[in-house]
Amino acid sequence: MESNRQKKIAGVLQKDLVDILQGAARGGGLTNIIISVTKVNVTVDLSVAKVYLSIFPHNKGKELLEGIQSNAPLIKHELAQRVKHQLRKVPSLTFFVDDSLEYIENIEKSLKREENPIKDPNLLEKRKKS
């Protein structure tokens, strides 16, 4: 359970990280790529922030995540400049790809196929055994 302080700091970090990452993508010449920060979790001691990114298109996600992770110190510095009047110390940033949208999309695709497990519950038994 997150405290109110953790939630407030996560909200501040999320808002500014979106601006930083999208600005860097536009400034770096990346076109047709959308980077959004879906969630930020801050630890209890406020020293580490887990940043979950949703990257579209999905196939570019891994290489963009590697680039973001390699530039994490620069991103943290830019973030510190933006939140210096709100936070005393900026937490360390760890980045992860949030693949929940892709997971939902796969579920929708499987439900649209002929073998819909909701319409035919016998298919679920078949899948459990295999």
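All of the points below concern the structure found in this document. (Residues numbered from 1 in each chain as written. Predicted model: local features only at pLDDT ≥ 70, side-chain atom pairs only at ≥ 80, totals over all residues. Heavy atoms only, no water.)

### Focus on the layout of surface pockets
A probe as big as a water molecule, rolled over the atoms, marks out the empty space that is left.
No. 1: Quantified by volume, the largest pocket comes out at close to 260 Å³.
No. 2: Listing elements by their share of the lining of the largest pocket, those giving two or more residues are α1 (4–27), α2 (61–70) and α3 (72–82).
No. 3: Taken together, the residues of the lining of the largest pocket sort by class into 10 nonpolar, two polar and one charged. (1 Å grid on protein atoms, 1.4 Å probe; cavity = no way out; pocket = protein on both sides within 12 Å on 5 of 7 lines; lining within 4 Å. Points joined across faces, edges and corners; volume = space filled by probe spheres on them. Helix = DSSP H or I, 4+ residues; strand = E, 2+ residues; numbered from the N terminus. Nonpolar A, V, L, I, M, F, W, Y, C, P; charged D, E, K, R; others polar.)

### With respect to a nonpolar patch on the surface
No. 1: Side chains of Leu101, Tyr103, Ile104, Ile107, Leu111 and Ile118 sit close together on the surface and give an oily, nonpolar patch of about 600 Å² of accessible area.
No. 2: Turning to its location among the elements, Ile118 is positioned in the loop between α4 (100–112) and α5 (122–129).
No. 3: Assessed through its relative accessible area of 65%, Ile118 is described here as exposed. (Patch = residues over 30% accessible without salt bridge, like charges linked within 9 Å, V, L, I, M, F, W, Y side chains within 5 Å. Areas by Shrake-Rupley, 256 points an atom, 1.4 Å probe, with all protein chains shown as cover. Salt bridge = Lys/Arg side-chain N within 4 Å of Asp/Glu carboxyl O. Buried < 20%, exposed > 50% of the residue type's maximum accessible area, 1.4 Å probe, protein only.)

### So, the sheet that holds strand β1 (residues 34–42)
No. 1: Reading across from one edge, β1-β2-β3 is the order of the three strands in this open sheet, with mixed pairing throughout. The open sheet has two free edges, formed respectively by β1 and β3 (92–97), since each of these has just one partner strand. Adjacent strand axes in the sheet meet at a mean angle of 30°, parallel and antiparallel pairs treated alike.
No. 2: By the bridge criterion, six bridges tie strand β2 (residues 48–56) to β3 in an arrangement that is parallel. When the bridges of β3 are listed, Ala49 appears paired with Leu93.
No. 3: Across the face of the sheet, α1 comes into contact with β1, β2 and β3 while running at roughly 155° to β1. (Pairing = 2+ DSSP bridges. Axes fitted to C-alpha atoms, helices over the stretch in contact; angles between N-to-C directions. Contact = heavy atoms within 4.5 Å.)

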